[in-house]
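Here are the chains, one letter per residue:
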Amino acid sequence: MDVTTHDVLLVGGGGAGLRAAIAVSELNPNLKIAVVSKVYPMRSHTVSAEGGAAGVIKSDDSLDEHAYDTISGGDWLCDQDAVEAFVNEAPQELLQLEHWGCPWSRQDDGHIAVRPFGGMKKMRTWFAADKTGFHMLHTLFQTTMKYNSIFRYDEWFVTKLLVDDGRVQGVVAIELMSGKIQAITAKSVILCAGGCGRVFPFTTNASIKTGDGMGLAYRAGAPLKDMEFIQYHPTGLPFTGILITEAARAEGGYLVNKDGYRYLQDYNLGTPTAKPVLRSMELGPRDRLSQAFVKEQEKGRTIDGPYGPVVHLDLRHLGEKLINAKLPFVRELCTKYQNVDPVHELIPVRPVIHYMMGGVSTDINGATPLPGLFAAGEVACVSINGANRLGSNSLPELLVFGARAGKAAAEFASSAKPISNSILAQAFDEQRRIENQFLRNTTGRERTSTIREEMQQTMETSAGIYRTESSLAAGAKTLRHLQERSDNLALDDHSLTFNTDLVAALELSFMLDVAESMVQSALQRTESRGAHQRTDFPKRNDEKFLAHSVVFRAADGRPRVEYLPVRITRWPPGERVYGQPAQKASAS
Amino acid sequence: MADTIKLEISRYSPETDAAPHFQSFEVPFRRDWVVLDALNYIKDKQDGSLTYRWSCRMGICGSCGMLVNGEPKLTCATFLADYAPASIRVEPLRNFPIVRDLVIAMNDFMRKFQKMKPWLIRKEEKPVSEGEYLQTPEQLDAYKQFSMCINCMLCYAACPVYGLDPLFAGPAAIALAQRYNLDSRDQGAKDRFPVLSQHDAIWGCTFVGECTRVCPKHVDPAGAIQQYKLTAALDWVKSVVMPWGGK
Ligand SMILES: Cc1cc2nc3c(=O)[nH]c(=O)nc-3n(C[C@H](O)[C@H](O)[C@H](O)COP(=O)(O)OP(=O)(O)OC[C@H]3O[C@@H](n4cnc5c(N)ncnc54)[C@H](O)[C@@H]3O)c2cc1C
Ligand code: SF4
Ligand code: FES
């Protein structure tokens, strides 16, 4: 078996991974860096982000206000020391990206322009038209090309973390082009493998977002945190799940029901005004907007479409000029995929699985409890997102915590002992497992796509916008059963060259682990908070659950949940208030 | 039949096949399905060994470029309904080595792209603490179009020159070099000049304009090439008339 060796290895070449790679390079140009990614880095899902990235830059704004919006938006489940570091470093990181060439949208005087965003009391969201993630990712990727110390493994799929002597020392990965399975060792490893929206059937997430990084960590013994907190975005196109960015509402779009009525006013989100008001109505937080949709549906006030109920997003009053200038991609997506021109027509939308608040548990520097293993980006849970992420906080999170994890992993690598010799035996075992379980297995009977579909349906019915003890318990049981069936997969493809059938099977096994951890954490959290809504426990319970769920993989493969206190610094738990009262509160 | 549609898909495995061949599949015809949906249907229900790349399904990641009835297309943005009821032919992008089925090798582009130094080059970096480099909306517009490239490779598949002369840098790589050359914050045009002005890098282009026609993001690489040729020719004249000039 081939073995290659580096100092710091990144699993993932999205926003977080590339930012971390540059941070390592800049800290110590002598460290050898590997970026391993199952797709070419510029294909990573960061490319799809539309709306923008939050960072305080204007004189009427303050770090404390960004922190407060984030913490209240997260229903007080955020670690406040992490949020403080985040809001503090976000502006510098966004400026750094500007210095690397990111084409941020500008004011007439040449300064950075900002736009309003949901749950944010001030305008602080930087944007590059409505292709913010695309421009950020391409800027980062193109910038990494100038560092000689960064070596890329493009289209390599990581299957396992190598752990010996109590610390992570590399990975096993498959080169898709050749089918070669090999060990890539490193003194420290940073997981930047992104989110896991694909465990659900209807999602804005790309096909590559299958929770591999969470699965890798979980199996290596590192715990996952707050896995029950999964964000629905209120405005996805039916059928495709393509996202219509919140920026559409921030620029003044309305959400209306079948009577053309701006129904959010009925759900404690303020009173309608012609122009958008921050932290109010359409600019409320995503969890509350998605929950309001379900209530409207129960009242029979949604519109029946071919793919289930929808409401309408109305942009017509914004006019063609503004839509073309600020929301060109929205117009392109609607006309191309929905055959609707938002300049003249209503856009049908419904809530769609969008973002994972939980993830691999890390400290404020991206370190996991497992030595040598770090994590950053959507795969990680620091946590700055708490029970509900605010739109436009994720992109800056990739930068801030990508850079922090990069520095911490570089320091760890600089003082780490050499790689253990016994690592190779583990890598051989993993190679044999992949060959025997998948490539050479001729007795399997189950189809990957069938089990995947059943898993996705199970997640939607058991752990959707509203959950109950019985829905979750039934979901947990089905998932256990699917786990057993997945041991018996039959691949159609047994070849070595670019075997995407094998990749799909490996992704499925990660997703099943992730799904089980979500359902178990949701089952045990008998309260409602942010995106986790239990109809049988509708109230928030700070006495018992002002705590992070931390889930470990037990020896029998089942999830085991423990709790960690939330770190509170300056903002004691309070009530989440949106709409006009929040405007008054902002005066204080 | 109105409720199904036939796809003829190019199959090739280097492990078993001497050359690519076509295989037909019948899939349900749905008005809102794109070609990629049909491929996913085949992979999930009929033949898990069908091999292709995709990810975002929203025309932005650049993975899913293929030939649809001979035309380079993003398959996630190409509707079955535009071809039905006739059958649809799906092949890998032209002008690239085929890895397997619909997957091509694009390392050649990645190498050429990096040679263009596609990053912001400054003589002096301003510290981040001093804030942003100012750039007016007009200055942004000067290069914005070229920054929209998603590296989907459709233009390479359409380019007759790249097909004949694999040393040609190709439309997207040149457009992306221009993206930085035209950025008011960049001072690296001279560093990119040696690569761009090499015979094969740019002069091979005969302005067929196919690249611009197939580009799904309106990048206009043909325009970038034409523009650059003009600047390069001027620079060349300058360097002959005043050998030390402009350096
Ligand atoms: C449609 C959409 C719009 C969004 N808009 C916004 C927005 O406006 N503002 C905002 O703040 N946030 C937004 N988000 C959220 C944000 O884009 C994501 O959270 C973020 O981009 C995730 O970045 P990442 O670097 O963590 O992961 P990704 O960009 O997903 O990258 C993951 C990387 O890991 C690699 N990888 C994964 N598994 C493996 C494996 N097994 N082996 C090898 N490599 C692997 C992949 O190849 C990839 O390179 C949006 C999200 C979506 C879905
Ligand atoms: S220039 Fe257009 S066609 Fe060519 S790679 Fe870029 S986006 Fe694709
Ligand atoms: S799948 Fe991303 S561009 Fe088509």
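Only a predicted model underlies this, so the values are computations on that prediction, with no experimental measurement involved.

Reading guide: rules and limits
- Residues numbered from 1 in each chain as written.
- Chains lettered and ligands numbered in written order.
- Predicted model: local features only at pLDDT ≥ 70, side-chain atom pairs only at ≥ 80, totals over all residues.
- Heavy atoms only, no water.
- Helix = DSSP H or I, 4+ residues; strand = E, 2+ residues; numbered from the N terminus.
- Rg over C-alpha atoms; globule rule 2.2 N^0.38 Å.
- Contact = heavy atoms within 4.5 Å.
- Patch = residues over 30% accessible without salt bridge, like charges linked within 9 Å, V, L, I, M, F, W, Y side chains within 5 Å.
- Areas by Shrake-Rupley, 256 points an atom, 1.4 Å probe, with all protein chains shown as cover.
- Salt bridge = Lys/Arg side-chain N within 4 Å of Asp/Glu carboxyl O.
- Domains from an automatic or database assignment.
- Buried area = accessible area lost by both parts, 1.4 Å probe.
- Polar contact = N/O pair within 3.5 Å; in protein donor to acceptor, adjacent residues only side chain to side chain.
- Nonpolar A, V, L, I, M, F, W, Y, C, P; charged D, E, K, R; others polar.
- Pairing = 2+ DSSP bridges.
- Near = heavy atom within 4 Å.
- Axes fitted to C-alpha atoms, helices over the stretch in contact; angles between N-to-C directions.
- Buried < 20%, exposed > 50% of the residue type's maximum accessible area, 1.4 Å probe, protein only.

**Q** An account of the overall build of chain A is needed here, citing residue identities and associated values.
**A** The secondary structure content of chain A amounts to 16 helices and 22 strands. The C-alpha radius of gyration of chain A comes to 23 Å, within 12% of the 25 Å expected for a compact globule of 588 residues. Its C-alpha atoms give chain A principal-axis dimensions of roughly 65 × 50 × 50 Å. Summarising the internal contacts of chain A: among those between residues at least 6 apart in sequence, 75% fall at separations of at least 24.

**Q** Can you lay out a nonpolar patch on the surface for me, pointing to particular residues and giving the numbers?
**A** A surface patch of nonpolar side chains, about 270 Å² in accessible area, is lined by Met1, Val3, Leu424 and Phe428 of chain A. Counting through the fold element by element, Leu424 of chain A comes out in helix α11 (residues 423-439).

**Q** So what's going on with the domain arrangement of chain B? Which residues, and what values?
**A** Residue and element names in this part refer to chain B. If you check the domain split of chain B, you get domain 1 (4-104) and domain 2 (107-241). Counting residues at the interface gives 14 residues for domain 1, matched by 15 residues for domain 2. Note on domain 1 versus domain 2: buried area summed over both sides is about 1,100 Å², and carbon and sulfur give 63% of it. It is Pro72, Asn95 and Phe96 in domain 1 that bury the most area against domain 2; as a group they hold 44% of the surface buried on that side. Our count for the domain 1 to domain 2 interface comes out at one salt bridge. Viewed at the interface, domain 2 and domain 1 are joined by five residue pairs in polar contact (both at pLDDT 80 or more). Sorting the residues of the side of domain 1 that touches domain 2 by element identifies β3 (65-68) and β4 (71-74) as the ones contributing at least two each. When residues of the side of domain 1 that touches domain 2 are assigned to their parent elements, the largest contribution, four residues, is made by β4. Residue classes in the side of domain 1 that touches domain 2 are distributed as seven nonpolar, four polar and three charged.

**Q** Give a detailed account of the sheet that holds strand β22 (residues 559-565) of chain A, specifying residues and quantitative values.
**A** Residues and elements named next belong to chain A. Strand order in this open sheet of five strands is β18-β16-β10-β21-β22, and the pairing throughout is mixed. This sheet does not close on itself; its edge strands, each paired only once, are β18 (380-381) and β22. Relative to β18, strand β16 (residues 359-361) is paired through two bridges, and the arrangement is parallel. When the sheet's bridge partners are listed, Ser361 is paired in β18 with Cys381.

**Q** I'd like a rundown of the site of ligand 2, residues and numbers included.
**A** Around ligand 2 sit Cys149, Ile150, Asn151, Cys152, Met153, Leu154, Cys155, Ala172, Cys215, Pro216, Val219 and Pro221 of chain B, and that is every residue in its neighbourhood. The class makeup of the residues in the shell around ligand 2 is 11 nonpolar, one polar and no charged.

**Q** Explain the sheet that holds strand β5 (residues 88-91) of chain B to me, and be specific about the residues and the numbers.
**A** Residue and element names in this part refer to chain B. If you trace the five strands from one edge of the open sheet to the other, you get β2-β1-β5-β3-β4, paired in mixed fashion. At either margin of the open sheet sits one strand with a lone partner, and together these are β2 (21-28) and β4. Averaged over neighbouring strand pairs, the angle between their axes works out to 35° when direction is ignored. The sheet contact formed by strand β1 (residues 4-11) and β2 spans eight bridges and is antiparallel. Counterpart to Glu8 in the pairing with β2 is Ser24. Lying on the sheet, helix α1 (residues 35-46) is in contact with β1, β2, β3 and β5; it crosses β2 at an angle near 95°.

**Q** Would you mind going over the pairing of strand β15 (residues 347-356) of chain A in detail, with residue names and values included?
**A** Residues and elements named next belong to chain A. Counting buried positions along β15 gives 10 out of 10 residues, so the element sits mostly inside the fold. When strand β11 (residues 230-236) meets β15, the two strands line up antiparallel, connected through five bridges. The partner of Ile230 across the bridge, within β15, is Met356. Here three bridges tie strand β14 (residues 308-314) to β15, and the two strands are oriented antiparallel to one another. Paired with His312 across the bridge in β15 is Pro348.

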